[in-house]
Every structure is written in structure tokens, then in C-alpha cells.
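Chain by chain, the residues run as shown.
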Amino acid sequence: MKTAALGFRAHSGWTALIALAATKDGPSVLARQRLHLVETFTYEFRQPFHTAEKMKFDEARAFISRSEAEAKRLAFGAIRDLKADLRGRGHELARCGLLLSSGRPLPALPQILASHSLIHSADGELFRDALLHASNHCGLKAFTIRERELVDSAAHTLRITAGDLTRRVADLGRPLGPPWSQDEKLASLVAWLALASK
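K.L.:
Is there a simple way to think about the sheet that holds strand S2 (residues 14-23) in this case?
P.N.:
Picture the strands of a sheet paired through backbone hydrogen bonds; they go either parallel or antiparallel. Ordered by their spatial adjacency, 5 strands build an open sheet running S3-S2-S1-S4-S5, and the pairing between neighbours is mixed. The open sheet has two free edges, formed respectively by strand S3 (26-36) and strand S5 (141-146), since each of these has just one partner strand. Ignoring strand direction, the axes of neighbouring strands in this sheet form an average angle of 25 degrees. Relative to S3, S2 is paired through 10 bridges, and the arrangement is antiparallel. Within S3, the position partnered with Ala-22 by the bridge is Pro-27. Along the sheet, helix H5 (residues 116-137) makes contact with strand S1 (2-11), S2, S3, strand S4 (91-100) and S5, crossing S4 at roughly 160 degrees.

K.L.:
Is there a simple way to think about the nonpolar core in this case?
P.N.:
Grouped together as the largest cluster of nonpolar side chains are 38 residues, with contacts concentrated most on Leu-6, Phe-8, Phe-49 and Leu-131. At the level of secondary structure, the elements contributing two or more residues to this core comprise S1, S2, S3, helix H2 (48-52), helix H3 (57-88), S4, helix H4 (109-113) and H5. Top contributing element to this core by residue count: H3, with 9 residues. Among residues more than four places away in sequence, those in contact with Leu-131 are Phe-8, Ala-10, Thr-15, Leu-35, Leu-37, Ala-75, Ile-79 and Leu-98. In terms of nonpolar packing, the next biggest core, distinct from the first, is built from 25 residues, Leu-20, Leu-99, Phe-143 and Trp-180 among them.

What counts, and where the lines are drawn
Residues numbered from 1 in each chain as written. Predicted model: local features only at pLDDT ≥ 70, side-chain atom pairs only at ≥ 80, totals over all residues. Heavy atoms only, no water. Pairing = 2+ DSSP bridges. Helix = DSSP H or I, 4+ residues; strand = E, 2+ residues; numbered from the N terminus. Axes fitted to C-alpha atoms, helices over the stretch in contact; angles between N-to-C directions. Contact = heavy atoms within 4.5 Å. Core = buried A, V, L, I, M, F, W, Y, C linked by side-chain atoms within 4.5 Å. Buried < 20%, exposed > 50% of the residue type's maximum accessible area, 1.4 Å probe, protein only.

As C-alpha cells, then:
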């Protein structure tokens, strides 16, 4: 079995997901997905803390709890199914890489709901946490890094200049065709770094 890794670049309610395998010529893309982490893809559910801000506290807490459970369940199902598919194709999905925001740890829910900037941060954290939780329950070792540190860290770890790294990541998507946006490129790069991490 060849080792494979997932890379995630999460957004509110969804994530770009790339599966990469290491080959003698470098990484190759095994799968590309846009994974929804909410069943109903509307603002109300994609921005759960924004929605909860308008609720009474007990109702808000219950709504956030349901949103967390749903995101974890959807992420787990997708990762589990992809792991089985890749295994059938001769690849063992063993690791994942997740891009983090540059934010600080969040306070308790009452403080979050009282601050608009914290609400924005909390929406993102909910979906990133769901991806880490699901990956862990699928047996994947997680590698996390702040997005702003990704390129420099990858260039150092992979011993490739930042320019060559950018070109190689862009080339990874050519056989697939569009979309190969910044989301897919950064998800690929964090998956590549996860493959290379100890």
C-alpha cells in the first residue's frame, strides 16, 4: 500500500478536500472534493454562531451543539468513504493536513456571542474542529499549520524554493482541469506537508 494524505482548507459550511499520494516523481492527486459540512447549505446553517447570536442563550447553545454534531457526522462519513475507496485503489490514507486561522483560542460561548469578531472566528473553528475530530476517528494522524506560515514552512521542509513550490502545486491540478483555485492549491500543499511530516 502507498501512503496517502488528505488536505483541508475549510470555509463556513464546507471545505476543499484534496487527497495526495507520494510517488517517486513527487505528489499526485488521488481525489478532489468540495465537502459540505452542513446538510442545508444556507447562511443560517453555514454561519451557526451568527445564527445563534439572535437566539436566547439556551436555544443558541443547543443550536451550536447540533451544528457541531452534524458537521462531525458529515465529515466522518465522507472521510470514511474516501478512505475505503483509496484502500481499494492501493493507497492507505494515514494522515491529514488542516490549515488553521491565525486566531487565538476562543473563550466560552457567552463571550463569543457578545463579540462580532469572535463570532466570525467561532464559525470557522467549528468546521475545522469537525474535520479534525472526524479525521481522528478515521485513524488519521493530523498535521496542522497556520495558513500564513504554510508556504515558508513547506519550502523549508520539502527543500524547494517558494517559487518552485508554487509552480509544482499549480501543475498538480493540470490533469484534473478546473476548478484548481487557491482552495485546492493550499489544500494540496498542506496534504503534501502532512505526507512529509514526522
